[in-house]
Amino acid sequence: MEQRGLDGDAGPFGRPHRPLIGAAPGTVSTGDTLSIKVHQALSAALSLTDRKVILSDTGNFPTDLYIAQGIVDALDRGLELRCVAPEEIEAHMTDEIAVLMLTEVDYRTGRRHDMAHLSRIAREQGIVTLWDLAHSAGAFPVDSAAHADFAVGCTYKYLNSGPGGPAFIAVPDAVADRIDPALPGWLGHAAPFDFDRDYRPAQAARRFRIGTPPILQMAALDAALDAWDGVSMQDVRSRSLALSQRLIAGVEADCPSLTLASPREDAHRGSQVSFRHPQAYAICQALIAHDVIGDFRAPDILRFGITPLYIGEAEIDAAIATMARIMQDRLYEDPRFQTRQAVT
Ligand SMILES: *Cc1c(COP(=O)(O)O)cnc(C)c1O
């Protein structure tokens, strides 16, 4: 089997020219989980600066913030994690900030940061950038090489590698070569099969390998990526926006008790549409029972991922009709939809 990975993958799972995350050849390492990649990337980013403040936003995914706080506590050198509202990020980008650590698309609302703009300001202010592309990779065109010192993400959301699929870290060579990895594993060694007593980092992004990657999940990712062969991310984005607008218009017309939680303006939204309702959990359970699969996100969000490679107008229209029936007939009041499961 030909071994492949994301564009820019440093191998052994590399297939060079897939334009999914906009990384240059040899600048990506795939494996582990995203939580681990956030740890690697943030540790590395902090090693490039003497400043003390990590700037993030309150909409960031919990693991990113937990990992950051864990690093602050473990290093015990006066670092601070500062979380502000997403709209206030720009105002807080001063020369006090060491690392700007953001997830481009908010997992709850789908609100999208202007990555190019914020990264340009960061560069002017001498701030190292760390972008989490969990809800960007496979959702719309991404140019990580142009805008991120460190980019990380998972492959089991829009890239469909399956639950627990490997994560990735993308770091341009000029940055990667300055890093002593915080997790120096044997597979990130310059010559892993020499089994040297002393660690020497491998070239560039290869040094972000840690240990044996999950081979079965890598095979699943490899198969999942076949779906992207010959696909233009611009086309995916246009279709995603058209389908998102259709879902918003249909739900607003037929389910007036749901309120749009996502930005209405296309440029400020990723490839998901979210609505709020006090009964969001039960509505989501009722939808799933009727074969419309969304997610509930606490406290009151119903989230729908828009994936144009797999769904089209027919699925959107069916979802709207099903939702309208659930709301009109109050099917969500059924006790079996009201009991909260462990995984939502
Ligand atoms: C999905 C997601 C994660 C999940 O991390 P895992 O270690 O893969 O469970 C982390 N961060 C963000 C921003 C996410 O959206």
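Residues numbered from 1 in each chain as written. Predicted model: local features only at pLDDT ≥ 70, side-chain atom pairs only at ≥ 80, totals over all residues. Heavy atoms only, no water.

Draft legend 1. Structural context of the overall build of the protein chain. In terms of regular secondary structure, the protein chain is built from ten helices and eleven strands. Seen along its three principal axes, the alpha-carbon backbone of the protein chain occupies a region of about 70 × 50 × 35 Å. Counting only residues that meet the buried cut, the protein chain has 53% of its 344 residues in that class. Restricting the contact set of the protein chain to residue pairs at least 6 apart, pairs at least 24 apart contribute 68%. For the protein chain, the centre of its 32 positive side-chain charges and the centre of its 45 negative side-chain charges are spaced 1 Å apart. (Helix = DSSP H or I, 4+ residues; strand = E, 2+ residues; numbered from the N terminus. Buried < 20%, exposed > 50% of the residue type's maximum accessible area, 1.4 Å probe, protein only. Contact = heavy atoms within 4.5 Å. Lys, Arg positive; Asp, Glu negative; His and termini not counted. Charge placed at Lys NZ, Arg CZ, Asp CG, Glu CD.)

Draft legend 2. Broad picture of the nonpolar core. Ranked by size, the top nonpolar core spans 35 residues in total, and within it I89, M93, L100 and W131 carry the most contacts. Those elements that provide at least two residues to this core are β2 (53–57), β4 (97–103), α3 (115–125), β7 (167–170), α6 (215–226) and α7 (233–254). Non-local contacts of M93, meaning those with residues more than four positions away in its chain, are made with L55, L100, L118, I121, A122, Q125 and I127. In this structure, I71, L79, A98 and A134 belong to the second largest nonpolar core, which totals 31 residues. (Core = buried A, V, L, I, M, F, W, Y, C linked by side-chain atoms within 4.5 Å.)

Draft legend 3. The sheet that holds strand β3 (residues 80–84), seen in detail. Strand order in the open sheet formed by seven strands is β1-β7-β6-β5-β4-β2-β3, and the pairing between neighbours is mixed. Since the sheet does not close on itself, it has two edges, and those belong to β1 (28–31) and β3, each with one partner. Across the sheet, the mean angle from the axis of one strand to that of its neighbour is 20°, orientation sign disregarded. Where β2 lies against β3, five bridges are found, and the strand directions are parallel. Each residue of the ladder has a partner; that of S56, found in β3, is C83. Packed on one face of the sheet, helix α1 (residues 34–46) meets β1, β2, β4, β5 (128–132), β6 (150–154) and β7 and runs near 175° to β6. Contacts between α3 and the sheet are confined to β4 and β5, with β5 contributing the most and set at about 160° to the helix. (Pairing = 2+ DSSP bridges. Axes fitted to C-alpha atoms, helices over the stretch in contact; angles between N-to-C directions.)

Draft legend 4. Just the environment of A182, in detail. With respect to the helices and strands, A182 occurs in the loop between α5 (173–176) and α6. Judged by relative accessible area, which is 43%, A182 ranks as partly exposed. Taking C-alpha positions, A182 is 8.4 Å from H39, a pair spaced 143 residues apart along the chain.

Draft legend 5. Just the packing of helix α8 (residues 280–289) against helix α9 (residues 313–328), in detail. Two numbers describe how α8 lies on α9: the axes approach to 10 Å, and their chain directions differ by 125°. Judged by the angle between their axes, α8 and α9 are oblique. When you trace α8 past α9, the crossing you get is right-handed. Residues I283, A286 and L287 of α8 pack against T322, M323, I326 and M327 of α9. For the contact of α8 with α9, the class distribution of residues is six nonpolar, one polar and no charged. (Parallel < 35°, antiparallel > 145°, perpendicular 65-115°, else oblique. Left-handed = near helix turned anticlockwise from the far one by under 90°. Nonpolar A, V, L, I, M, F, W, Y, C, P; charged D, E, K, R; others polar.)

Draft legend 6. Representation of the site of the ligand in the model. Around the ligand, the structure places T33, L34, S35, F61, T63, D64, T103, D132, A134, H135, Y156 and K157. D132 places a side-chain nitrogen or oxygen 3.4 Å from a nitrogen atom of the ligand. Taking H135, its side chain carries an N or O atom lying 2.8 Å from an oxygen atom of the ligand. Taking 390 Å² as the accessible area of the ligand by itself, protein coverage stands at 86%. When contributions to the shell around the ligand are tallied by element, the ones reaching two or more residues are α1 and α2 (62–75). Counted by class, the shell around the ligand contains four nonpolar, five polar and three charged residues. (Near = heavy atom within 4 Å. Polar contact = N/O pair within 3.5 Å; in protein donor to acceptor, adjacent residues only side chain to side chain. Areas by Shrake-Rupley, 256 points an atom, 1.4 Å probe, with all protein chains shown as cover.)

Draft legend 7. Expanded view of the sheet that holds strand β9 (residues 272–276). Strand order in the open sheet formed by four strands is β8-β9-β11-β10, and the pairing between neighbours is antiparallel. Strand pairing shows two members of the sheet lacking a second neighbour, β8 (259–260) and β10 (295–297), which therefore form its edges. Pairing of β8 with β9, which is carried by two bridges, proceeds in the antiparallel orientation. Residue pairing in the sheet places T259 in a bridge with R276 of β9. Packed onto the sheet, α7 meets β8, β9 and β11 (301–305) and runs at close to 20° relative to β9. Helix-sheet contacts for α8 involve β10 and β11, and the interaxial angle to β11 is about 40°.

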